[in-house]
Protein chains: 4
Amino acid sequence: MEKPNTIAWRNRLHNTIYESNTTAGRAFDVALLVLIISSIIVVMLDSIKEYHQRYGNLFYILEWIFTGLFTLEYLLRLISIKSPLKYVFSFFGLIDLLAIIPSYLSILFTGAQSLLVLRALRLLRVFRIFKLTHFLTEMEFLKAALFTSLKKITIFMLVVLTLVIILGSVMYLVENGENGFISIPDSIYWAIVTITTVGYGDIAPVTPTGKFIASVMMFIGYGIIAVPTGIITTEMANAARLRKHGHETCPGCGREGHDKNAVYCKYCGTLL
Amino acid sequence: MEKPNTIAWRNRLHNTIYESNTTAGRAFDVALLVLIISSIIVVMLDSIKEYHQRYGNLFYILEWIFTGLFTLEYLLRLISIKSPLKYVFSFFGLIDLLAIIPSYLSILFTGAQSLLVLRALRLLRVFRIFKLTHFLTEMEFLKAALFTSLKKITIFMLVVLTLVIILGSVMYLVENGENGFISIPDSIYWAIVTITTVGYGDIAPVTPTGKFIASVMMFIGYGIIAVPTGIITTEMANAARLRKHGHETCPGCGREGHDKNAVYCKYCGTLL
Amino acid sequence: MEKPNTIAWRNRLHNTIYESNTTAGRAFDVALLVLIISSIIVVMLDSIKEYHQRYGNLFYILEWIFTGLFTLEYLLRLISIKSPLKYVFSFFGLIDLLAIIPSYLSILFTGAQSLLVLRALRLLRVFRIFKLTHFLTEMEFLKAALFTSLKKITIFMLVVLTLVIILGSVMYLVENGENGFISIPDSIYWAIVTITTVGYGDIAPVTPTGKFIASVMMFIGYGIIAVPTGIITTEMANAARLRKHGHETCPGCGREGHDKNAVYCKYCGTLL
Amino acid sequence: MEKPNTIAWRNRLHNTIYESNTTAGRAFDVALLVLIISSIIVVMLDSIKEYHQRYGNLFYILEWIFTGLFTLEYLLRLISIKSPLKYVFSFFGLIDLLAIIPSYLSILFTGAQSLLVLRALRLLRVFRIFKLTHFLTEMEFLKAALFTSLKKITIFMLVVLTLVIILGSVMYLVENGENGFISIPDSIYWAIVTITTVGYGDIAPVTPTGKFIASVMMFIGYGIIAVPTGIITTEMANAARLRKHGHETCPGCGREGHDKNAVYCKYCGTLL
């Protein structure tokens, strides 16, 4: 049976690491954020050849320091949580692990170092920090709007996907496996590049027919890029309206659409 | 005169293949969907040279299996429908035929194999599957919104088309048939690539005048890409409103179409 | 003094050519439309080298036929209008002239032929044809929405223009006149290509600083492309609402926003 | 102690230079605008090699004239304002200085001339001119809409930034530091180019995995480009509604903010 002060100590640790309502918790989150960003910057700079040659050793040391700190954090997370396994196999648990493993692997296998870029995934923790800020409501708003429009967007994307597969296959036939259309997957890749108006130009139609089909595709893409926008805008307008107006129904005239701060029905004057 | 049990059997077959309200019907649709997708994947992989060389024979066998199954499906569709000819010359009937013919043609003519990519067209049947799902309402919503805005979009596209023909022709004159602007159709193709903001860069203006005209075009494109979005968004907002409000019916004159905030019938003045 | 029947004849001709409310007028418009489109197609095909070599003579003859017909049309327009000069110097008058002059010039100067592409400008007459159709209301709607948002769009474009001039100049400094940024106008051209998300790639930043600035520009462009869309969408929504609702004010309660077909005020039931 | 007429003279000068409500003030602003634009045009033309060689001397003289006038303007601004230091270190004060310094520097150091492009920054003064025009309200409208949506846009941009860092890092791993993905910053630059649908094509994926990830990114970019549009459109619609409706004041409790269709005050129930 554990000593009570151990339990108390663990709870404090848990609040600091997992919660943000205490000063310590906030401090921890900010510190972690700074640590993550600087570790990513180091990995970035190290990936540039000139810098690697010049400051390679410094970066190497820094990376081990970050690895050490992240390992410490990982262990603290493990001991301060009730069900460590649940954390280990949670989304963030795996990301936290991915951020430290490469360094240790690099001792055994050369090149594992390069996996350090996976640390970028830890950036996702950044959005935890927003939990503390007044950005929260706005985030909730965006998430709500996106969530309600998810279904429509999914269908839309499925339609586009079918479209690019068909048009890609047709282009493979038309361009006859040449001019970069060397396979159907490549042609589909080109179709996506075209319909999303990215247009790298690494693959571009050469035959007149190909150019004609491409032109039609661009017009289609031009037209349908409006669809997701329309969907999301409509949903946002709704979300905004809902946030402003409640759904209260007037007991007098039974009509709704009153403001949140309404005391009397604006149609018949009954007390709400 | 046919035996009744034959008729019953044909009706069951018809329901299974053409309808989706029975368990068998749903199962058939799902199976078909899986079959179509896997057949397309095989065609895709076969189009990649390395894979073709390594697994060419396997793909060949698989393609014949798919052809066999699709042929069987095609025959079943023929015998289970009242007017086979109507099906044969229907949109989906032709697609279903296009999906099996190439294999048989490839026996007579080499290269006909390549037409197998037309199987991608069968993907359109995917959207039949949605009929079974709760996606239906959303699809209807999107279709409605797009349909009501079709007219406006058409005009918009005609304006853009005129614009690209004129600007393309002008660029052909300006760039003097060089730098990829080798013909008016090519210049129009470039104009479309530019105004839709795809911008491959396979053709790009070189002369100062050309660059200036291109810049103006981009600004135009930047401005007018907003038009289809505006159209579709407005229509969607309307569709959403209609779906939300419904149409109250007046107890006095029985006519509907009143606003949500209406207190009295706007036709006969009766209290709603 | 002209004979009355001459006057009558001229009026009929005027109605046929300039108006579309008579059967003859409609027929004339459609015929002209067909003529314009086919003449443009001929010019297009002639601009393709292979075709020019093979069918050059045919195209040559056709072009003279079109020139003849357009000249005839031009003369008829001249004699059937009250103030010929006003027509000659009108927008369409100049376009109509531009469509026939090149052929005659080509007799004197070789190469003037190439100016035939200017015939594409006659496509603008296409939109006259819409006047006859049920597309009219939709066109009016689009024009109204665009017109009301013109002011905002203008400001927006001015802001973007300032932005690209400044950023272009900065990039010229950063890329040090190399990598395609050979002059400020070229750098501005690049800035426009970037901020409108066209992205040819004919000019692309190479220095790290340049790439950073470019990235920032893309984010800016990503954000502000939403502005014209927002403007036009809002205006369209207004236009749609106005078209649906009138501005009538109720004599009883003095509130407006009633439907066009409203007979009684929907708030207080007063006869409108 | 200054002579009163000196003070009066300074006040007049101050109004002329800093205000626009007097005729002189308006004239000054317009003159300045013309001066700025022509000076920028000269710098632009001078940056084009051919022109520099041909008209280099002319440009040189003009630049000194502009420098002289801008210096004069700068001095006038200094003496006509109460707190010169505050102006010197203000945003526009620094820009005004940046516009004249390069010329003087070029006497000491060769090449400083090139910094003249910084004059483009003075274009920002253009928007001061709008203060005089009826564009003001529209500008205020746009600014308001953008300001209210700033928070949401910021979050959105942060999400996109995280996304491109992660996806860029992953692509660096996938493309294995080749095909232009030579460093993580470069890969992130590519990710931004892709997700904003700019798509230069200077860096493009080559490996199948890379192309697949790129395709997914494009779809994401295709979907989320709708988000800022949705945000801004919604805010603009709100701004437009507020501007249109105004806020009726209740005769009973004197509070405003009632809906346009309100019959009774929602706070005290008084008939509006």
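Just so we're clear, the structure is a prediction, and the values are computed from it rather than from any experiment. (Residues numbered from 1 in each chain as written. Chains lettered and ligands numbered in written order. Predicted model: local features only at pLDDT ≥ 70, side-chain atom pairs only at ≥ 80, totals over all residues. Heavy atoms only, no water.)

Enquirer: Looking at this model, I keep getting lost on the overall build of chain A. Mind explaining?
Expert: In terms of helices and strands, chain A carries eleven helices and zero strands. The linear arrangement of helices and strands in chain A, starting from the amino end, is α-α-α-α-α-α-α-α-α-α-α. Within the span of chain A, comprising 272 residues, buried residues form 50% of the whole. Of the contacts made within chain A by residues no fewer than 6 positions apart, 51% connect residues no fewer than 24 positions apart. Summed over its atoms, the accessible surface of chain A is roughly 12,800 Å², and 71% of this surface lies on carbon and sulfur atoms. (Helix = DSSP H or I, 4+ residues; strand = E, 2+ residues; numbered from the N terminus. Buried < 20%, exposed > 50% of the residue type's maximum accessible area, 1.4 Å probe, protein only. Contact = heavy atoms within 4.5 Å. Areas by Shrake-Rupley, 256 points an atom, 1.4 Å probe, with all protein chains shown as cover.)

Enquirer: Could you clarify how one ought to interpret the confidence of the model for chain A in this entry?
Expert: Low-pLDDT stretches of the model should not have their predicted coordinates read in fine detail. With 82% of its residues at a pLDDT of at least 70, chain A reaches an overall mean of 81. Scored by ipTM, the complex comes to 0.81, with pTM at 0.84. (pLDDT = per-residue confidence, 0-100.)

Enquirer: I'm lost on the relation of the copies chain A and chain B in this one. Help?
Expert: Two copies of one chain are present, and they are related through a rotation about an axis combined with an axial shift. It takes a turn of 90° to lay chain A on chain B, together with a shift of 0.0 Å along the axis; the resulting RMSD is 0.1 Å. Expressed as a symmetry operation, the mapping of one chain copy onto the other fits a four-fold axis. Interface overlap between copies is the fraction of interface residues in one copy that are interface residues in the other; for chain A against chain B it is only 14%, indicating separate surfaces. (Least-squares fit on C-alpha atoms with pLDDT ≥ 70 in both.)

Enquirer: Would you explain helix H5 (residues 91-108) of chain A in this entry?
Expert: Spacing of three or four residues puts side chains on the same side of an α-helix, whose turn is 3.6 residues. Residues and elements named next belong to chain A. For H5, built from 18 residues, the straight-helix expectation of 26 Å at 1.5 Å per residue is met to within 8% by its first-to-last C-alpha distance of 26 Å. Ile101 marks where H5 bends most, by close to 30°; the proline Pro102 follows one to four residues later. Along H5, the residues that are buried comprise Gly93, Ile95, Asp96, Ala99, Ile100, Pro102, Ser103 and Ser106. Turning to H5, the residues buried within the fold contact helix H3 (49-80) and helix H4 (84-88). (Expected span 1.5 Å × (residues − 1). Bend = angle between axes of the 7 residues up to and from the residue.)

Enquirer: Which parts of the structure should I look at to understand helix H10 (residues 208-224) of chain C?
Expert: Residues and elements named next belong to chain C. Between its terminal C-alpha atoms H10 stretches 24 Å, which fits the 24 Å expected from 17 residues at 1.5 Å a residue. Of all 17 residues in H10, twelve are buried, a share of seventy percent or more. Along H10, the residues that are buried comprise Gly210, Lys211, Ile213, Ala214, Ser215, Met217, Met218, Phe219, Gly221, Tyr222, Gly223 and Ile224.

Enquirer: Would you mind going over the pattern of salt bridges with me for this structure?
Expert: When charged atoms on two side chains of opposite charge get close, those side chains can pair. With the rule as written, the count across this model stands at 24 salt bridges over all chains. Taking the shortest distance from any N to any O, the salt bridge between Glu235 of chain C and Lys152 of chain C comes out at 3.0 Å. Pair noted here: Glu235 of chain C is in helix H11 (residues 226-244) and Lys152 of chain C is in helix H8 (residues 150-174), with a separation of 83 residues, a long-range link. As far as the burial class goes, Glu235 of chain C and Lys152 of chain C line up, both buried. A salt bridge links Asp186 of chain D to Lys211 of chain C; the nearest nitrogen and oxygen atoms lie 2.5 Å apart. Of this pair, Asp186 of chain D sits in helix H9 (residues 184-195) while Lys211 of chain C is found in helix H10, placing the two residues in two different chains. Residue classification places Asp186 of chain D among the buried positions, given a relative accessible area of 11%. Lys211 of chain C gets classed as buried once you look at its relative accessible area, which sits at 15%. Taken together, the shared-partner salt bridges in this structure form one network comprising Glu73, Arg77, Asp96 and Arg122 of chain A. (Salt bridge = Lys/Arg side-chain N within 4 Å of Asp/Glu carboxyl O.)

Enquirer: Hey, could you run me through the interface of chain A and chain B in this one?
Expert: Buried accessible area, meaning the area lost when the parts come together, often serves as the stated size of an interface. Counting residues at the interface gives 43 residues for chain A and 53 residues for chain B. With both chains or domains summed, chain A and chain B bury close to 4,300 Å², and 77% of this area falls on carbon and sulfur atoms. Counting the contacts that link chain A with chain B gives one salt bridge. There are six residue pairs in polar contact (both at pLDDT 80 or more) connecting chain A and chain B. Per element, the largest residue contribution to the side of chain A that touches chain B is eleven residues, and it comes from helix H8 (residues 150-174) of chain A. Across the side of chain A that touches chain B, the residue classes break down as 25 nonpolar, 13 polar and five charged. (Buried area = accessible area lost by both parts, 1.4 Å probe. Polar contact = N/O pair within 3.5 Å; in protein donor to acceptor, adjacent residues only side chain to side chain. Nonpolar A, V, L, I, M, F, W, Y, C, P; charged D, E, K, R; others polar.)

Enquirer: Explain a nonpolar patch on the surface to me, please; I cannot follow it from the model alone.
Expert: A contiguous nonpolar patch, built from Tyr60, Ile61, Ile65, Leu69 and Leu72 of chain A and spanning about 470 Å² of accessible area, is present on the exposed surface. Of note, Leu72 of chain A is situated in helix H3. (Patch = residues over 30% accessible without salt bridge, like charges linked within 9 Å, V, L, I, M, F, W, Y side chains within 5 Å.)

Enquirer: Would you take a moment to explain the environment of Val126 of chain B for this structure?
Expert: Its place among the elements puts Val126 of chain B in helix H6 (residues 126-130). Distance in space between the C-alpha atoms of Val126 of chain B and Leu32 of chain B is 9.1 Å, their sequence separation being 94 residues.

Enquirer: I tried to follow the UniProt feature "transmembrane region" (unreviewed entry) in chain A on my own but got confused; where do I start?
Expert: All names here are of chain A. Listed under "transmembrane region" (unreviewed entry) in the UniProt record, and renumbered for this structure, are residues 27-45, 57-76, 88-118, 153-174 and 212-234. Split by type, residues 27-45 is 100% helix and 0% strand. Its first and last C-alpha atoms lie 27 Å apart. Taken end to end, residues 57-76 has its terminal C-alpha atoms 29 Å apart, with 100% of it in helix and 0% in strand. (UniProt positions renumbered as here; feature names shortened; annotations may be inferred.)

Enquirer: Teacher, can you tell me more about the packing of aromatic side chains here?
Expert: Tallied over the entire structure, the rule returns 32 aromatic pairs over all chains. Centre to centre, the rings of Tyr18 of chain A and Tyr87 of chain A are 6.2 Å apart; their planes meet at 85°, and the pair counts as edge-to-face. Here the residue Tyr18 of chain A occupies a position in helix H1 (residues 4-18), and Tyr87 of chain A occupies one in helix H4, the gap between them amounting to 69 residues. Overall, Tyr18 of chain A belongs to the buried group, its relative accessible area being 17%. Among the aromatic side chains, those forming a connected cluster through ring pairs are Tyr18, Tyr74 and Tyr87 of chain A. Taking the ring centre of Tyr18 of chain B as reference, the NZ or CZ of Arg77 of chain B above it sits at 5.3 Å. (Phe/Tyr/Trp six-rings, centres within 6.5 Å; stacked < 30°, edge-to-face > 60°. Lys NZ or Arg CZ within 6 Å of the ring centre and 35° of its normal.)

Enquirer: Mind showing me how you'd approach the domain arrangement of chain A here?
Expert: Taken domain by domain, chain A consists of domain 1 (4-131) and domain 2 (144-245). Computed from C-alpha atoms alone, the centre-to-centre distance between domain 1 of chain A and domain 2 of chain A is 38 Å. (Domains from an automatic or database assignment.)

Enquirer: Would you mind going over the side chain of Thr67 of chain A with me for this structure?
Expert: Residue and element names in this part refer to chain A. By secondary structure assignment, the location of Thr67 is in helix H3. Judged by its relative accessible area of 0%, Thr67 falls in the buried class. One polar contact links Thr67 to Ser103, side chain to side chain, over a distance of 2.8 Å. Of the polar contacts made by the side chain of Thr67, one reaches the side chain of Arg119; its length is 2.8 Å. In this structure Thr67 touches Ile100, Ser103, Tyr104 and Arg119, once residues within four positions along its chain are discounted.

Enquirer: Honestly, the nonpolar core in this entry has me stumped. Any pointers?
Expert: A general tendency of soluble globular proteins is for nonpolar side chains to be buried together. The biggest cluster of nonpolar side chains holds 279 residues, and the ones touching the most others in it are Trp190 of chain A, Trp190 of chain B, Trp190 of chain C together with Trp190 of chain D. Excluding residues within four positions of it along the chain, Trp190 of chain C makes contact with Met171, Phe181, Ile203, Ala204, Pro205, Ala214 and Met217 of chain C together with Tyr200 of chain D. (Core = buried A, V, L, I, M, F, W, Y, C linked by side-chain atoms within 4.5 Å.)

Enquirer: What is the right way to read the environment of Arg241 of chain B from this model?
Expert: Residue and element names in this part refer to chain B. Along the chain, the position of Arg241 falls in helix H11 (residues 226-245). With relative accessibility at 41%, the residue Arg241 sits in the partly exposed group. In sequence terms Arg241 and Asn57 are 184 residues apart; their C-alpha atoms lie 57 Å from each other.

Enquirer: Explain the environment of Ile40 of chain D here, please?
Expert: Mapped onto the elements, Ile40 of chain D comes out in helix H2 (residues 23-47). Spatially, the C-alpha atoms of Ile40 of chain D and Leu116 of chain D are 8.7 Å apart, while their sequence positions differ by 76 residues. Each residue touching Ile40 of chain D, except ones within four places of it in the same chain, is listed here: Ile165 of chain C together with Arg119, Ala120 and Leu123 of chain D.

Enquirer: In this structure, what is going on with the packing of helix H9 (residues 184-195) of chain A against helix H10 (residues 208-224) of chain D? I would like to understand it.
Expert: Helices that pack against each other are described as a pair by the angle of their axes relative to one another and the distance between those axes. Put simply, H9 of chain A and H10 of chain D touch, their axes get as near as 10 Å, and they point 25° apart. Of the possible angle classes, the one that applies to H9 of chain A and H10 of chain D is roughly parallel. Of the two possible hands of crossing, H9 of chain A and H10 of chain D adopt the one that is left-handed. Within the contact between the two elements, H9 of chain A uses Asp186, Tyr189, Ile192, Val193 and Ile195 of chain A and H10 of chain D uses Lys211, Ala214, Ser215, Met218, Phe219 and Tyr222 of chain D. Class assignment of the residues belonging to the contact of H9 of chain A with H10 of chain D gives a composition of eight nonpolar, one polar and two charged. (Axes fitted to C-alpha atoms, helices over the stretch in contact; angles between N-to-C directions. Parallel < 35°, antiparallel > 145°, perpendicular 65-115°, else oblique. Left-handed = near helix turned anticlockwise from the far one by under 90°.)

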